[in-house]
Amino acid sequence: MDKLIQRFFSGLPVSSLNFPSEALSLEGQMTLLNATVNSDLVLKQPLRYQYQKAFLKRLLNQLESLDLVVFEGLYSAYVRLVQMPHQLGSKSFNHYRVGSGGDVVTLIEDENLISQGTTGLRTWTGALALSEWCLNNKDLITNKTILELGSGVGLTGLVACRHCHPQRFCFSDGHPEVVKTLAENIKLNFPTASAVPSSKLRLDLEIDKTTRVSLMNLSWDNIDCTAIAALGKIDFVLAADVVYDPELFQHLLNALKMADGECNIFACTERNPDTLNLFLKEAVHSFRCIELSCPEQKNFTWEPVPLVRIFQFQRKSN
Ligand SMILES: C[S@@+](CC[C@H](N)C(=O)[O-])C[C@H]1O[C@@H](n2cnc3c(N)ncnc32)[C@H](O)[C@@H]1O
């Protein structure tokens, strides 16, 4: 049941959710309801109402098809959701549980893969795999300065900042609406962080004595070198699902060269092998490309197809 709850919280498609038999007894239904739709977290920061209704509907359909007694509370919860006012726009919350200590990263996200002319308002598979990679490689991140390119709504960086203790983590993205949502998500997850005085960055926060979190507007095709330089020495760059548009490959590789990190980690969902191969072919001129094994799914869940591939790009010495 725990896996099911985890998948619900992160808003994975309802069609991919299966209800285990323990969730179908009267007591199981009550436990599931209280841990999902009726949980304090979801009541306070709701997932899309449409999504929650679809979740309950799938459960009700399954119970009815098996001719099982339905817990009354499921109907009440469904009716409550039907009566909810229409959610403004298509943004809502998703919650990602990380580790066994009960930590939750909460993100404002859009329900659509493409919205307002950008792909960045929703968490992509690459970010889930890269977050898992960070948790498996904490020692590489601790005390390091990291720049993330194309951060989107920010899952990877927030997981890294909360669990891997970088000295500085700088989120970046090139789309104004994404940067705005990213700023909201950073503040949402670090409500007590203090702003670094007189910083010129979009956001610059000290989340504790050892970690500083920054956010900059950074377009690969119009790079602000002074902003990158202001970060000081960057140890490495992280990026998830940014390899999809061949027209941007040279810009993306230039950004990587400018950041000048010794090694860089990209998580790439292989939707089109030709596109990814083309990027690798261009990257190999300046970087040594090494494929790493994709981490096992422990904290995060994603579909096995299309494949997520993790690459390390090591700077070649001149
Ligand atoms: C597919 S999304 C991935 C977002 C996030 N990394 C994830 O995996 O959930 C690609 C991201 O790259 C950003 N992006 C696309 N073109 C860009 C450019 N030229 N400069 C900077 N960011 C760009 C988009 O705004 C978007 O946030």
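The rules we used
- Just so you know, the residues in each chain are numbered from 1, in the order the chain's sequence is written.
- pLDDT decides what is reported in this predicted model: residues at 70 or higher carry local features, side-chain atom pairs at 80 or more are listed and counted, and totals for whole chains, interfaces and linings draw on all residues regardless.
- Helix numbering and strand numbering both begin at the N terminus, where a helix is a DSSP run of H or I of at least 4 residues and a strand a DSSP run of E of at least 2.
- Note that the radius of gyration is over C-alpha atoms, with the globule rule given as 2.2 Å times the number of residues to the power 0.38.
- With C-beta atoms placed from the backbone, the exposure class of a residue follows from how many other C-beta atoms lie within 10 Å of its own: 20 or more, buried; 12 or fewer, exposed; in between, partly exposed.
- Distance between backbone-placed C-beta atoms decides contact: two residues are in contact if it is within 7 Å.
- The criterion for a residue being near a molecule or strand is simple: its C-beta atom, placed using the backbone, must lie within 6 Å of it.
- Each residue gets one of three labels, nonpolar for Ala, Val, Leu, Ile, Met, Phe, Trp, Tyr, Cys and Pro, charged for Asp, Glu, Lys and Arg, and polar for the others, Gly among them.
- Strand pairing is assigned whenever DSSP identifies at least 2 bridges connecting the two strands.
- Here, the term right-handed applies to a crossover whose path from the first strand over the helix to the second runs clockwise when the strands point away from the viewer.
- One nonpolar core equals one set of buried Ala, Val, Leu, Ile, Met, Phe, Trp, Tyr and Cys residues connected by C-beta atoms within 7 Å.

**Q** How should the overall build of the protein be read in this particular structure?
**A** Along its length, the protein carries twelve helices and eleven strands. A compact globule built from 318 residues should have a C-alpha radius of gyration of about 20 Å, and the protein, at 21 Å, falls within 12% of that. Taken along its principal axes, the extent of the C-alpha atoms in the protein is 70 × 45 × 35 Å. Relative to its 318 residues, the protein shows a buried fraction of 37%. A separation of at least 24 residues holds for 68% of the contacts in the protein among residues at least 6 apart in sequence.

**Q** Would you take a moment to explain the site of the ligand for this structure?
**A** Near the ligand, the surroundings consist of 22 residues, among which Gly 120, Ala 127, Gly 150, Gly 152 and Gly 174 are the closest. A class-by-class count of the residues in the shell around the ligand yields seven nonpolar, twelve polar and three charged.

**Q** Help me understand the pairing of strand E9 (residues 263–269) in this model?
**A** E9 sits mainly inside the fold: six of its seven residues count as buried. Pairing analysis gives five bridges linking strand E8 (residues 236–240) to E9, with the strands arranged parallel. Bridging across to E9, Leu 238 finds its partner in Ile 265. You can see the chain leave E8, run along helix H11 (residues 249–259) and come back into E9, and the turn it takes is right-handed. Summarising the sheet, E9 and strand E11 (residues 308–315) pair through seven bridges and their orientation is antiparallel. The partner of Thr 269 across the bridge, within E11, is Val 308.

**Q** Can you walk me through the nonpolar core in this structure?
**A** Side chains of a nonpolar character, in soluble globular proteins, are inclined to be buried together. Membership of the largest hydrophobic core comes to 74 residues, with the highest contact counts inside it found for Val 237 and Ala 267. The biggest single contributor to this core is helix H6 (residues 125–136), with six residues.

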